Amino acid sequence: MPFGNIGIGGLILILIIALIIFGPSKLPELGRAFGRTLSEFKGATRGLMNGDDENEKKEDAPQTAAATTKQQG
């Protein structure tokens, strides 16, 4: 039984359970908090991916400069 495929029925059931547990007044707050958390997570992963790319470029740049200097000299 795969857990990755919830489907429409499963999502509706989860929303109904959340509505019963937290009540209609807390659901917008929970949604906002979830959205902020998700956006921070995306920003952090993008930062890590971009940071890795920048580190590789910085590491390659001195080697390239040194190779250019050796060829010229």
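Residues numbered from 1 in each chain as written. Predicted model: local features only at pLDDT ≥ 70, side-chain atom pairs only at ≥ 80, totals over all residues. Heavy atoms only, no water.

J.: Sorry if this is basic, but what is going on with the overall build of the protein chain here?
T.: Within the protein chain, the regular secondary structure consists of 2 helices and 0 strands. Within the protein chain, the fraction of its 73 residues that count as buried is 4%. A total of about 6700 Å² of accessible surface is found on the protein chain, and carbon and sulfur atoms cover 65% of it. (Helix = DSSP H or I, 4+ residues; strand = E, 2+ residues; numbered from the N terminus. Buried < 20%, exposed > 50% of the residue type's maximum accessible area, 1.4 Å probe, protein only. Areas by Shrake-Rupley, 256 points an atom, 1.4 Å probe, with all protein chains shown as cover.)

J.: Where do I start with helix α1 (residues 7–22) in this structure?
T.: An α-helix turns once every 3.6 residues. As a result, residues three or four positions apart point the same way. Along its 16 residues, α1 runs 23 Å from first to last C-alpha, staying within 8% of the 22 Å computed at 1.5 Å per residue. Two residues or fewer after α1 comes Gly23, characterised by a positive phi angle close to 85 degrees. (Expected span 1.5 Å × (residues − 1).)

J.: Just checking my understanding: could you explain the pattern of salt bridges for this structure?
T.: It is possible for side chains bearing opposite charge to pair when their charged atoms get close. Under the defined criterion, the tally for this structure stands at 1 salt bridge. Between Glu29 and Lys26 there is a salt bridge, and its shortest N-O distance comes to 3.9 Å. For Glu29, a relative accessible area of 43% corresponds to the partly exposed category. On the basis of relative accessibility, which here comes to 42%, the residue Lys26 falls in the partly exposed class. (Salt bridge = Lys/Arg side-chain N within 4 Å of Asp/Glu carboxyl O.)

J.: When you look at a nonpolar patch on the surface in this model, what are you seeing that I'm missing?
T.: A cluster of nonpolar side chains, namely Leu13, Ile17, Ile21, Phe22 and Leu30, defines an oily patch on the protein surface of about 480 Å² accessible area. Ranked by residues supplied to the nonpolar patch, first place goes to α1 with 4 residues. Classification of Phe22 by relative accessible area gives partly exposed; the value is 44%. (Patch = residues over 30% accessible without salt bridge, like charges linked within 9 Å, V, L, I, M, F, W, Y side chains within 5 Å.)

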